[in-house]
Amino acid sequence: MSDFNVTYYRKNRCKLDVSSPYFDVIREEFSYEDKTARFSSNENTPKRKYSIAKNSGYCDIGLLWSIIHFIKASNYDVKVRLSDGVKHRLVTPIPYDIVNVPNTKYTLRDYQLDSIRAAFKVGNGLELVGTGGGKTLIMATMLETIYRNDPNCKVLIVVPNIGLVNQTFGDFTDYECTFSFSKWSGGNELDSSTNVTIVNTGFLQTDKKIYKTDEEGNKVKDAKGKLIVERKIPKDVTYNELFETIDILIYDEVHQFFSDKTPKASKLLQKFEYTHRFGFTGSLPKGGYEQDKIMGYFGAPIYTKSSKSLRDEEYLSNVIVKMIKFEHIDPYRIYNMCVNTDATEDYFLEVDHVIDSEFRNNAIKRIASRLDGNCLILVERIRQGEVLKEILEDCEGKRVFFISGETPVPERLEIMKDMEASDDVICIAMSRIFAVGVSINNLPYLIFAYLGKAWVKVIQAVGRGLRLHERKEKLYIFDMYDNLLYSGDHAIERKEIYDNQEIEYTEHKINEQSS
């Protein structure tokens, strides 16, 4: 039996034994086709992405769990030997007995207790708890326990948006947590004296702007009346002292950690070391390079409670999906069929056709107007939301709202509060806003007007309506697609997701010719 040595490199990185005869096969196992490479005009663009560096053997420490599992499953005649520096960062137990939050109205379920025990046993890792499973209460109990044993603890909680900053802060207030906590966002100055700081990724993305001033110290504007920015200072420089003091990093909706939309936030966080790192989500990206990166940084999944399990145990509503296929007359007339047509152009031609289709929009109106309860319609484009709002506004007995990125947070919260108290609301919303971290219990109907195929986005979108409510027996989802190139392909992938999540679905057709 040969040794496979793993040594500590720096921060969250380790160095694999490149001299081992098993190194190349291990590295290849953790490589993935780069599907974007086919669109590159550069012949030298790499066709695969590798989670392990070729010459140096560097990789993220958290990925070692998967590497060790692969070596054991392959029955390789090799002994993995970890240096003390690697062991210390791979497993850092939190040796405390669980302390409940002070408000006795909130009692932990058995699986929530199990998830905390798993987190404390390893000290790093991913908590995969289905949407509606009470992730915020799990976080609060973990922090309450740590604070009672270490009153000087420093924690940074990162959430996707300002709405979740407010929601998490509000939940901690309801739980009557004894640790101090504060909001840090565009409208809230940093309070570094608190134990826990709650911040959103968008805020971490932005740099501090230094504006040009005149001799009297007044900010100078350009010819168009805009303030002139002399330079920008990244947050890791401006707030270096804060990040250096953080003991525990908690990242909510961790499936977004390496999102293309927030690259500066994840890079900023990776510049600093933390004793413990925990990621929370209902679902990870399905395999591949992105999953390796998330697990590499936070560690392997330490606890899993799926949405299916929560439904079976009646913690969440059951769900039925109706796949509605719109059969357009002569569907291929909308595309530019020239040989040299850019595929992206055809996609946007299809999107425009879907948004403007009178046949399709009237069908959505018929369905939404007949539902005997609140309905959330998720859209991908602002224009589609605006078109649907105009069409749906004359639905008898219904009040119609449209929530986009420009809708102020207080107004969004007021609409959600309204939906909890009444049963006559049709709320149209951008999927990127409502697919994550929004809780509406009184929501029996969901319409996916044109959702796409991304695994995590679909799972998170389904989760919007799974919470129990006294006036809701089940969640009904109308998943709408078309006999068009991209819409049809995306629907096939969504069906695979429903099969994987054991969600029942039926298929229906609406024909333009007979409508």
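See above for the structure.
Residues numbered from 1 in each chain as written. Predicted model: local features only at pLDDT ≥ 70, side-chain atom pairs only at ≥ 80, totals over all residues. Heavy atoms only, no water.

So, on to the overall build of the protein. Counting secondary structure elements, the protein contains 19 helices and 22 strands. Against the compact-globule benchmark of 24 Å for 515 residues, the protein has a radius of gyration of 25 Å, which places it among compact chains. Along the first, second and third principal axes, the C-alpha atoms of the protein reach 70 × 65 × 55 Å. For the protein, the proportion of contacts with a sequence separation of at least 24, taken over those separated by at least 6, is 74%. For the protein, the accessible area works out to roughly 24,700 Å², and carbon and sulfur atoms hold 47% of it. Positive and negative side-chain charges in the protein, numbering 69 and 76 respectively, have mean positions lying 3 Å apart. (Helix = DSSP H or I, 4+ residues; strand = E, 2+ residues; numbered from the N terminus. Rg over C-alpha atoms; globule rule 2.2 N^0.38 Å. Contact = heavy atoms within 4.5 Å. Areas by Shrake-Rupley, 256 points an atom, 1.4 Å probe, with all protein chains shown as cover. Lys, Arg positive; Asp, Glu negative; His and termini not counted. Charge placed at Lys NZ, Arg CZ, Asp CG, Glu CD.)

The subject of this paragraph is the sheet that holds strand β5 (residues 58–60). As summarised here, the arrangement of the four strands in space is β5-β2-β1-β6, forming an open sheet in which the pairing is mixed. Looking along the sheet, the strands with just one partner apiece sit at the ends: β5 and β6 (78–82). The mean angle between the axes of side-by-side strands here comes to 35 degrees, regardless of whether they run parallel or antiparallel. Bridge analysis of strand β1 (residues 2–10) against β6 gives five bridges, and the strand direction is parallel. Looking at the pairing, S2 lines up with V78 of β6. Contacting β1, β2 (13–16), β5 and β6, helix α2 (residues 64–73) runs over the sheet at an angle of about 160 degrees to β6. (Pairing = 2+ DSSP bridges. Axes fitted to C-alpha atoms, helices over the stretch in contact; angles between N-to-C directions.)

It is worth spelling out unusual backbone geometry at this point. Despite not being glycine, E176 shows a phi value in the positive range, around 60 degrees. Following the sequence through the fold, E176 ends up in the loop between α6 (162–175) and β9 (181–184). Taking the relative accessible area as the measure of exposure, E176 reaches 46% and is therefore partly exposed. A positive phi angle, close to 65 degrees, is found at E314, a residue other than glycine. Among the secondary structure elements, E314 is positioned in the loop between α12 (307–312) and β16 (318–327). (Buried < 20%, exposed > 50% of the residue type's maximum accessible area, 1.4 Å probe, protein only.)

Turning our eyes to something else, we now look at the packing of helix α14 (residues 358–370) against helix α15 (residues 382–392). It is at 10 Å that the axes of α14 and α15 come closest, and there the two elements cross at 60 degrees. Classified by the interaxial angle, the pair formed by α14 and α15 is oblique. Between α14 and α15 the crossing geometry is right-handed. The segment α14 lies against α15, with R360, N361, I364, K365 and A368 engaging Q384, V387, L388, I391 and L392. (Parallel < 35°, antiparallel > 145°, perpendicular 65-115°, else oblique. Left-handed = near helix turned anticlockwise from the far one by under 90°.)

With respect to the secondary-structure elements, T7 resides in strand β1. Placed 51 residues apart in sequence, T7 and Y58 show a C-alpha to C-alpha distance of 9.6 Å. When sequence neighbours within four positions are dropped, the list of residues in contact with T7 reads C14, K15, S83 and V86.

This part is about the packing of helix α4 (residues 110–122) against helix α5 (residues 135–149). When two helices pack together, their arrangement is given by the angle between the helix axes and the distance between those axes. One way to put it is that α4 packs onto α5 with a least axis distance of 10 Å and a crossing angle of 50 degrees. Put simply, α4 runs oblique to α5. The crossing of α4 and α5 is right-handed. In this structure, α4 uses Q112, S115, I116, A119 and F120 to contact α5, whose residues at the interface are L137, I138, T141, M142, T145 and I146. Its residues placed into classes, the contact of α4 with α5 shows seven nonpolar, four polar and no charged. (Nonpolar A, V, L, I, M, F, W, Y, C, P; charged D, E, K, R; others polar.)

Quick look at the sheet that holds strand β19 (residues 425–430) now. If you trace the seven strands from one edge of the open sheet to the other, you get β18-β19-β17-β20-β21-β16-β22, paired in parallel fashion. Because the sheet does not close on itself, it has two edges, and the strands there are β18 (399–403) and β22 (504–511). Averaged over neighbouring strand pairs, the angle between their axes works out to 20 degrees when direction is ignored. Here four bridges tie strand β17 (residues 375–379) to strand β20 (residues 445–448), and the two strands are oriented parallel to one another. Following the sheet pairing, C375 is matched in β20 by Y445. In this fold α14 packs onto β16, β17, β19, β20, β21 (474–482) and β22, with an angle of close to 170 degrees to the strand it touches most, β21. Most of the contacts of α15 go to β18, to which it runs at about 170 degrees, and overall it touches β17, β18 and β19.

Time to look at empty space enclosed by the protein. If you walk through the whole model with that rule in mind, you get one cavity of 30 Å³ or more. One number sums up the size of the largest cavity: a volume of about 40 Å³. What lines the largest cavity is simply Y450, L451, G452, M480, S487, H490 and R494. It is helix α19 (residues 485–500) that provides the largest number of residues to the lining of the largest cavity, a total of three residues. When grouped by side-chain class, the residues that make up the lining of the largest cavity number three nonpolar, three polar and one charged. (1 Å grid on protein atoms, 1.4 Å probe; cavity = no way out; pocket = protein on both sides within 12 Å on 5 of 7 lines; lining within 4 Å. Points joined across faces, edges and corners; volume = space filled by probe spheres on them.)

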